[in-house]
Amino acid sequence: MQRHDNRGLDEMRPLQFVPGVAPHATASVLSCFGNTRVICAVTIEEDVPRWMKNQHVPGGWLTAEYAMLPYSTLDRKKRDIASGKQDGRSVEIQRLIGRSLRAVVDLEALGARTVWVDCDVLQADGGTRTASITGAAVALSMALNKLVAAGTLERSPMKQLVSAISVGKLSGTPLLDLCYVEDRDAEVDMNVVMTERGEYVEVQGSGEEAVFTAEEMAQMLSLAAKGAAQITAAQKEAIARADEPAEDALNSLRDFFSAQGGTPGR
């Protein structure tokens, strides 16, 4: 079959992590999966939630928040504050982000600190939750490395990287890294969260008024593993250049954007 953006069936969208986009955060990156772009920022506070103090829980805590900015989709998305409550989708996604990151962090080694992970979608073209998890892992690694460099921590409590990727079945064909148009029309949609060692953290899969076989699921998981390996390599490269000059990061971002096209969705 011919994909919407002419990619191969097992081909990911162009991937980019641009560091330092939120200078007041402990660390931040702009996570770009094609036309999906999410700011992932990590802030570390020298305190823990009250419930940890009351229950005498050792170590620290990590939590995440997720939001889609009003102009991130073709039709303006109302801010949650306009309705007085957070929508269920955002709550589900931020819990997934938090679970995914806590799976690879030694919270006791973190010490009595709280890590806040904020993921704000600038532009949505499918896979915002996977771009959020993946970019947040990069920003988290950078933030913890800063604490080690400052002598605040002896070692990074992050045990390994984690990433996420979407797979699905469209017109009976398994695909890797679905854009919005593909995600909208897919018979099966699946989000796979994996560690850099190939372990699963979470698999979210459902048929959209359709079903899928064990063989098709195995094919999709194989595609996810291939995508996760590519993502891990890109994450490590981004972490290695975390201290590059802001001008270089901006030039990299301009080059990336100029190479992209298409129409964003959700």
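Residues numbered from 1 in each chain as written. Predicted model: local features only at pLDDT ≥ 70, side-chain atom pairs only at ≥ 80, totals over all residues. Heavy atoms only, no water.

Draft legend 1. Representation of helix α3 (residues 88–102). The first and last C-alpha atoms of α3 sit 21 Å apart over 15 residues, in line with the 21 Å expected at 1.5 Å per residue. When α3 is considered as a whole, its buried residues turn out to be Ser90, Val91, Ile93, Gln94, Leu96, Ile97, Gly98, Ser100 and Leu101. Capping the start of α3 is the job of one residue whose side-chain oxygen sits 3.0 Å from the backbone nitrogen of Arg89: Asp87. (Helix = DSSP H or I, 4+ residues; strand = E, 2+ residues; numbered from the N terminus. Expected span 1.5 Å × (residues − 1). Buried < 20%, exposed > 50% of the residue type's maximum accessible area, 1.4 Å probe, protein only. Polar contact = N/O pair within 3.5 Å; in protein donor to acceptor, adjacent residues only side chain to side chain.)

Draft legend 2. Looking closely at the pairing of strand β9 (residues 200–207). Two elements, strand β8 (residues 188–195) and β9, share seven bridges in a ladder whose sense is antiparallel. When the bridges of β9 are listed, Met190 appears paired with Gly205. Counting the residues between successive antiparallel strands, the hairpin from β8 to β9 contains four residues, one of them, Gly198, with a positive phi of roughly 85°. (Pairing = 2+ DSSP bridges.)

Draft legend 3. Quick look at the nonpolar core. Ranked by internal contacts, the top residues of the largest apolar core, which has 58 residues, are Ile97, Leu101, Val117 and Leu140. Tallying contributions element by element places helix α5 (residues 128–149) first for this core, with eleven residues. Setting aside residues no more than four positions away along its own chain, Leu101 makes contact with Leu62, Val117, Ile133, Ala136, Ala137, Leu140 and Val162. (Core = buried A, V, L, I, M, F, W, Y, C linked by side-chain atoms within 4.5 Å. Contact = heavy atoms within 4.5 Å.)

Draft legend 4. Just the environment of Arg197, in detail. The residue Arg197 is located in the loop between β8 and β9 in this model. Looking at Arg197, the relative accessible area reads 58%, which means it is exposed. In this structure the C-alpha to C-alpha distance between Arg197 and Pro58, which are 139 residues apart in sequence, comes to 27 Å. Setting aside anything within four residues of it in sequence, one finds Arg197 in contact with Lys159 and Gln160.

Draft legend 5. Geometry of the packing of aromatic side chains. This model, assessed by the stated rule, comprises one aromatic pair. On the numbers, 5.2 Å between centres and 85° between planes, the contact of Trp51 with Trp61 is edge-to-face. Of this pair, Trp51 sits in helix α1 (residues 50–54) while Trp61 sits in strand β4 (residues 61–68), and the two are ten residues apart along the sequence. For Trp51, a relative accessible area of 37% corresponds to the partly exposed category. Using a relative accessible area of 22% as the deciding quantity, one classes Trp61 as partly exposed. (Phe/Tyr/Trp six-rings, centres within 6.5 Å; stacked < 30°, edge-to-face > 60°.)

Draft legend 6. Structural context of the side chain of Asn191. Residue position: Asn191 is located in strand β8. Look at Asn191 and you get buried, because its relative accessible area is 11%.

Draft legend 7. View of the sheet that holds β8. As summarised here, the arrangement of the four strands in space is β7-β6-β8-β9, forming an open sheet in which the pairing is antiparallel. Of all the strands in the sheet, the pair left with one neighbour each is β7 (173–176) and β9. Across the sheet, the axes of successive neighbouring strands diverge by a mean angle of 15°, strand direction being ignored. As judged from the eight bridges shared by strand β6 (residues 162–170) and β8, these two strands associate in the antiparallel manner. (Axes fitted to C-alpha atoms, helices over the stretch in contact; angles between N-to-C directions.)

Draft legend 8. Representation of the sheet that holds strand β3 (residues 36–45). Spatially, five strands are ordered β1-β2-β3-β5-β4 in an open sheet, and the strand pairing comes out mixed. Strand pairing shows two members of the sheet lacking a second neighbour, β1 (15–19) and β4, which therefore form its edges. Geometrically, the sheet is characterised by an average inter-axis angle of 20° between neighbouring strands, direction not taken into account. With nine bridges connecting them, β3 and strand β5 (residues 114–123) associate as antiparallel partners. Pairing of Ile44 across the sheet is with Val115, part of β5. Against the sheet, α3 makes contact with β4 and β5, and its axis sits at roughly 145° relative to β4, the strand it touches most. Here α5 sits on the sheet in contact with β1, β2 (27–33), β3, β4 and β5, set at roughly 35° to β3.

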